[in-house]
Amino acid sequence: AQHNNLGRRGEVLAAQFLVDKGYEILDENWVHGKAEIDLIAYIDRQIVFVEVKTRTSISFGMPEDFVSEAKQKQMELAANEYIDLMNHQGEIRFDIISVLFDKQNKFTIKHIEDAF
(Lines give C-alpha, C1' and ligand atoms only; values in the text may rest on other atoms or scores of the structure.)
Protein backbone atom coordinates (compact mmCIF):
# COMPACT_ATOMS: atom_id res chain seq x y z
CA ALA A 1 0.00 0.00 0.00
CA GLN A 2 1.07 3.57 -0.68
CA HIS A 3 1.02 4.66 2.97
CA ASN A 4 3.28 1.74 3.97
CA ASN A 5 5.88 2.84 1.42
CA LEU A 6 5.63 6.37 2.78
CA GLY A 7 6.05 5.15 6.36
CA ARG A 8 9.04 3.04 5.37
CA ARG A 9 10.66 6.01 3.60
CA GLY A 10 10.08 8.13 6.69
CA GLU A 11 11.71 5.51 8.92
CA VAL A 12 14.75 5.25 6.64
CA LEU A 13 15.13 9.06 6.63
CA ALA A 14 14.64 9.23 10.41
CA ALA A 15 17.27 6.53 10.99
CA GLN A 16 19.76 8.37 8.77
CA PHE A 17 18.94 11.63 10.55
CA LEU A 18 19.77 10.03 13.91
CA VAL A 19 22.99 8.45 12.61
CA ASP A 20 24.03 11.87 11.29
CA LYS A 21 23.46 13.27 14.80
CA GLY A 22 25.73 10.62 16.32
CA TYR A 23 23.19 8.00 17.38
CA GLU A 24 23.74 4.29 16.89
CA ILE A 25 20.71 2.42 15.56
CA LEU A 26 20.21 -0.75 17.63
CA ASP A 27 16.99 -2.01 16.07
CA GLU A 28 14.36 -1.12 13.49
CA ASN A 29 10.72 -2.21 13.60
CA TRP A 30 11.21 -4.12 16.85
CA VAL A 31 8.06 -6.02 17.78
CA HIS A 32 6.91 -7.24 21.18
CA GLY A 33 3.36 -8.55 21.36
CA LYS A 34 1.13 -5.98 19.68
CA ALA A 35 3.64 -3.18 20.09
CA GLU A 36 6.10 -2.14 17.44
CA ILE A 37 8.89 0.33 18.01
CA ASP A 38 10.01 1.97 14.78
CA LEU A 39 13.57 2.75 15.84
CA ILE A 40 15.65 1.94 18.87
CA ALA A 41 18.73 4.10 19.07
CA TYR A 42 21.59 4.60 21.49
CA ILE A 43 23.50 7.73 22.45
CA ASP A 44 25.34 8.83 25.61
CA ARG A 45 24.64 5.51 27.37
CA GLN A 46 20.93 6.12 26.84
CA ILE A 47 18.52 3.91 24.90
CA VAL A 48 16.08 5.99 22.88
CA PHE A 49 12.80 4.49 21.69
CA VAL A 50 11.59 6.38 18.64
CA GLU A 51 8.16 6.55 17.05
CA VAL A 52 8.37 7.82 13.47
CA LYS A 53 5.34 9.52 11.95
CA THR A 54 5.36 10.33 8.24
CA ARG A 55 2.77 12.43 6.44
CA THR A 56 2.31 14.26 3.15
CA SER A 57 -0.07 16.83 4.59
CA ILE A 58 -0.80 18.56 7.87
CA SER A 59 -4.48 19.09 7.09
CA PHE A 60 -5.38 16.69 9.91
CA GLY A 61 -2.69 17.96 12.28
CA MET A 62 1.03 17.58 12.74
CA PRO A 63 2.42 14.04 12.34
CA GLU A 64 3.52 13.95 15.97
CA ASP A 65 -0.09 14.54 17.09
CA PHE A 66 -0.92 11.00 15.98
CA VAL A 67 0.98 9.20 18.73
CA SER A 68 -1.98 8.16 20.87
CA GLU A 69 -1.89 7.36 24.57
CA ALA A 70 -2.56 3.72 23.69
CA LYS A 71 0.46 3.75 21.38
CA GLN A 72 2.58 5.32 24.13
CA LYS A 73 1.50 2.61 26.58
CA GLN A 74 2.31 -0.13 24.06
CA MET A 75 5.72 1.42 23.44
CA GLU A 76 6.40 1.56 27.18
CA LEU A 77 5.54 -2.13 27.57
CA ALA A 78 7.75 -3.07 24.63
CA ALA A 79 10.54 -0.82 25.93
CA ASN A 80 10.44 -2.56 29.31
CA GLU A 81 10.82 -5.92 27.58
CA TYR A 82 13.70 -4.61 25.45
CA ILE A 83 15.49 -3.20 28.50
CA ASP A 84 15.15 -6.59 30.24
CA LEU A 85 16.49 -8.43 27.19
CA MET A 86 19.43 -6.04 26.82
CA ASN A 87 19.99 -5.88 30.59
CA HIS A 88 20.25 -2.09 30.15
CA GLN A 89 20.91 -0.27 33.42
CA GLY A 90 21.09 3.31 32.10
CA GLU A 91 18.60 5.98 31.16
CA ILE A 92 15.90 5.60 28.54
CA ARG A 93 13.91 8.14 26.59
CA PHE A 94 10.93 8.19 24.23
CA ASP A 95 11.26 10.42 21.17
CA ILE A 96 9.02 11.20 18.23
CA ILE A 97 10.40 12.01 14.80
CA SER A 98 7.99 13.46 12.31
CA VAL A 99 8.78 13.42 8.61
CA LEU A 100 6.66 15.69 6.45
CA PHE A 101 6.79 15.50 2.65
CA ASP A 102 5.56 18.36 0.47
CA LYS A 103 4.16 18.21 -3.07
CA GLN A 104 7.69 18.44 -4.53
CA ASN A 105 8.71 15.39 -2.47
CA LYS A 106 10.98 17.51 -0.29
CA PHE A 107 10.83 16.63 3.37
CA THR A 108 11.33 18.24 6.74
CA ILE A 109 12.25 16.31 9.84
CA LYS A 110 11.29 17.34 13.34
CA HIS A 111 12.87 15.51 16.26
CA ILE A 112 11.01 15.77 19.56
CA GLU A 113 13.19 14.47 22.36
CA ASP A 114 11.61 13.13 25.54
CA ALA A 115 8.18 13.38 23.92
CA PHE A 116 6.34 11.38 26.59
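Parameters at a glance
Residues numbered from 1 in each chain as written. Predicted model: local features only at pLDDT ≥ 70, side-chain atom pairs only at ≥ 80, totals over all residues. Heavy atoms only, no water. Buried < 20%, exposed > 50% of the residue type's maximum accessible area, 1.4 Å probe, protein only. Helix = DSSP H or I, 4+ residues; strand = E, 2+ residues; numbered from the N terminus. Pairing = 2+ DSSP bridges. Axes fitted to C-alpha atoms, helices over the stretch in contact; angles between N-to-C directions.

(A) Spotlight on the pairing of strand S2 (residues 35-43). Here S2 lies mainly inside the structure; seven of its nine residues are buried. Two strands pair when backbone bridges link them, and strand S1 (residues 24-32) and S2 are joined in this way by seven bridges, in the antiparallel orientation. Bridge pairing links Glu-28 to Leu-39 in S2. What sits between the antiparallel neighbours S1 and S2 is a turn of two residues, in which Gly-33 has the positive phi angle 60 degrees.

(B) Expanded view of the sheet that holds strand S5 (residues 107-112). Overall, mixed pairing links the five strands, which are arranged S1-S2-S3-S4-S5 in an open sheet. The open sheet has two edge strands, S1 and S5, and neither has a second partner. Ignoring strand direction, the axes of neighbouring strands in this sheet form an average angle of 30 degrees.

(C) Region of the structure containing unusual backbone geometry. If you check the backbone angles, Asn-29 has positive phi at about 50 degrees while not being a glycine. Within the element layout of this structure, Asn-29 appears in strand S1.

Just distances and angles here, no functional claims.
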